[in-house]
Amino acid sequence: MTAEIFEEMLQTWDGQLGQQNRKVLLCLDNFSGHPSDVHLDNIQMLFFPPNTTANSQPMDQGIIQNLKHHYKKLLLSHRLEAMDEGNEFKFTLLDTLHIARRAWEQVSELTIKNCFAKAKFIEEEIQIEPEDAELLEIWKALPLEEKTHENETIELFDFLVTGGSFTLEEIDTHL
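Residues numbered from 1 in each chain as written. Predicted model: local features only at pLDDT ≥ 70, side-chain atom pairs only at ≥ 80, totals over all residues. Heavy atoms only, no water.

In the annotation of an unreviewed UniProt entry, the chain is listed under the name Tigger transposable element-derived protein 4-like and assigned to Octopus sinensis.

Enquirer: So what's going on with the overall build of the chain? Which residues, and what values?
Expert: In terms of helices and strands, the chain carries seven helices and four strands. Residues classed as buried in the chain amount to 30% of the 175 residues present. Across the chain, every contact between residues at least 6 apart in sequence was considered, and the portion connecting residues at least 24 apart equals 58%. (Helix = DSSP H or I, 4+ residues; strand = E, 2+ residues; numbered from the N terminus. Buried < 20%, exposed > 50% of the residue type's maximum accessible area, 1.4 Å probe, protein only. Contact = heavy atoms within 4.5 Å.)

Enquirer: Report on the pattern of salt bridges, specifying residues and quantitative values.
Expert: Under the defined criterion, the tally for this structure stands at one salt bridge. A salt bridge links Arg 101 to Glu 105; the shortest N-O distance between them is 2.9 Å. Highlighted residues: Arg 101 and Glu 105, both in helix α4 (residues 93-106), separated by four residues, approximately one helical turn. Given the relative accessible area of 42%, Arg 101 is considered partly exposed. (Salt bridge = Lys/Arg side-chain N within 4 Å of Asp/Glu carboxyl O.)

Enquirer: Provide a residue-level description of the nonpolar core, including the pertinent values.
Expert: Counting residues in each nonpolar core, the largest one holds nine residues, listed as Phe 6, Leu 10, Leu 17, Leu 26, Leu 28, Val 38, Leu 40, Ile 43 and Met 45. Contributions of two or more residues to this core are made by α1 (3-19), β1 (24-28) and β2 (43-47). For this core, the element with the most residues is α1, which contributes three residues. Dropping the residues within four chain positions of it, Ile 43 is found in contact with Leu 10, Trp 13, Asp 14, Leu 17, Val 24 and Leu 26. Residues Ala 82, Phe 89, Ile 99 and Ala 103 belong to the second largest nonpolar core, which totals seven residues. (Core = buried A, V, L, I, M, F, W, Y, C linked by side-chain atoms within 4.5 Å.)

Enquirer: Residues and numbers for the environment of Ser 56, please.
Expert: Position of Ser 56 relative to the elements: it lies in helix α2 (residues 53-56). With relative accessibility at 12%, the residue Ser 56 sits in the buried group. With 63 residues separating them in the primary sequence, Ser 56 and Ala 119 have C-alpha atoms 5.0 Å apart. Ignoring any residue separated from it by four or fewer positions in sequence, one finds Ser 56 in contact with Phe 48, Gln 61, Ala 119 and Phe 121.

Pasting the structure below:
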């Protein structure tokens, strides 16, 4: 993201909001691509104090983590499907983009609401989300050698939190 692209996007959005007779407050961190000197009629920008991003942004309160969780689940599903069909696991850049879109669609409204509550944007109780049984089933279905790295068995939690990636050789990035 550059300041120029961001400003152009803001101007377009500001115009759309004006046509809808709406006004919004846009909370931003102090990233250099977020210019503070833009004149907008329908968007008021509020900048977080420096070094408070991790505590004040809903995306950092679990939305990104949840998106990655769904992405990894979908990626594992594709890998398992290839194995079941006896095919080599191949994944293109386009496949990656489609999986990322599908993963975002699986981030629930409850997750987003909980993260806004954690960041103190809204005053609501944080609700417990149901466990992801589908991911657990996919993980159980993977053969043991697929859950081993450097002769150590990888647990699902470790896959989700720390690793959960495939090597560049495993991902075919040719379109």
